[in-house]
Amino acid sequence: LVYGDTNSTLAGALAAAKLGIPVAHVEAGLRSHDRRMPEELNRIVTDHLSTWLFAPTPAGVANLAAEGIKAGVLEVGDLMLDLAARVSEEIRDPAVLGPIAEQLGVPLAPGHFLFATVHRAENRTPQAMARWSSLLGAVASPDRPVVLALHPGTRAALHAAGVALPEGVAVVEPQGYRSSLALQLHAAAVLTDSGGIQRESAWLGVPCLVLRETTEWVETIGGVDSSAVLIGLDREAALREISLRAPLARAVEQAAARAATLQLTGSGAGERIAAALTLTTTGGGR
């Protein structure tokens, strides 16, 4: 059983397939249609090696069908939504920001900060780092800093390239799951190249600026009323979208309303996956 699109996902699927062990892929069928992304190659190869393909969305099922994969495909919902729903009550109180504020040495109040993460390989080149660091500096302000949860690989790349983060960007260590969700929920907006955070922010109702040109989570992208927008590393687009989606005059009110009304319902993906595998192992399936 392998998850997602990481190198370890591909390694597990490839090793199992060579040993004749059936593979089940959770989050099957996702496609950005950009093969320059290492994750895209991992998704494609893993899906073609898998016996069971548990797709989180109808688009995932359609992508697999377009590649000739129909047997063993089941749309199950999003397992990460199940987890987010399980812990959502724990992050509604802004007091959850206290330990993170202690790390920063500055107070964190709902709507008074932006949350960012950057970790993908394409955003670790010197040129890309110079662009997104300038972008984060542009959207930051004295009254609304950017809280950047800095991936160790990104930190090392910044150091090697001599790229300094601008004033207004406050760095914290990578956060645990609940802390990351809390930072998203109470932020004015999120800026990220993470597919996971992109969809978490959609469930939480937080404006999300995606620091990529393409995404595998096409359901979150749309017009002005959608939760997320692709901006790449375009500084002017970031300023425009932040002003539109999280204006200073309304961001605090918006953040408070999100927390007060947050109600997440799981997708049931875990139960569907367990039932499908149980049916198979008891002789009722493939």
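Residues numbered from 1 in each chain as written. Predicted model: local features only at pLDDT ≥ 70, side-chain atom pairs only at ≥ 80, totals over all residues. Heavy atoms only, no water.

**Brief notes about the environment of Gln254**
1) Next: As for its placement among the helices and strands, Gln254 is situated in helix H11 (residues 248-261).
2) Next: In this structure, Gln254 is in contact with Arg245, Ala246 and Pro247, ignoring residues within four places of it in sequence. (Helix = DSSP H or I, 4+ residues; strand = E, 2+ residues; numbered from the N terminus. Contact = heavy atoms within 4.5 Å.)

**With respect to the side chain of Asn42**
1) Next: Note on placement: Asn42 falls in helix H2 (residues 38-49).
2) Next: The class for Asn42 is buried, based on a relative accessible area of 6%.
3) Next: Within polar-contact distance, the side chain of Asn42 engages the backbone oxygen of Thr6 at 3.3 Å.
4) Next: Excluding anything up to four places from it in sequence, Asn42 contacts Asp5, Thr6, Asn7 and Leu10. (Buried < 20%, exposed > 50% of the residue type's maximum accessible area, 1.4 Å probe, protein only. Polar contact = N/O pair within 3.5 Å; in protein donor to acceptor, adjacent residues only side chain to side chain.)

**Regarding the pairing of strand E6 (residues 146-149)**
1) Next: Here E6 shows two buried faces, one formed by Val146 and Leu148 and the other by Val147 and Ala149.
2) Next: When strand E5 (residues 114-117) meets E6, the two strands line up parallel, connected through three bridges. In the sheet register, Ala116 faces E6, and the bridge partner there is Leu148.
3) Next: Tracing the backbone out of E5, into helix H6 (residues 126-139) and back to the parallel element E6 gives a crossover that is right-handed.
4) Next: Each parallel crossover has a hand, and the one from E6 via helix H7 (residues 152-161) to strand E7 (residues 169-172) is right-handed. (Pairing = 2+ DSSP bridges. Right-handed = clockwise from strand over helix to strand, strands pointing away.)

**Overview of the environment of Gln175**
1) Next: Here Gln175 shows up in the loop between E7 and helix H8 (177-186).
2) Next: As for Gln175 and Ile100, which are separated by 75 residues in sequence, their C-alpha atoms are 8.8 Å apart.
3) Next: Ignoring sequence-local partners within four residues, the contact set of Gln175 consists of Ile100, Gln103, Ala149, Ser180 and Leu183.
4) Next: For Gln175, the side chain forms a polar contact with the main-chain oxygen of Glu173, separated by 2.7 Å.

**Describing helix H9 (residues 195-204)**
1) Next: The element H9 is extensively covered by neighbouring structure, given that eight of its ten residues are classed as buried.
2) Next: Within the span of H9, buried status applies to Gly195, Gly196, Ile197, Gln198, Arg199, Glu200, Ser201 and Leu204.
3) Next: For H9, the N-terminal capping position is held by Ser194, with its side-chain oxygen 3.2 Å away from the main-chain nitrogen of Gly196.
4) Next: Positive phi shows up at Gly205, right after H9, with a value of about 80°.

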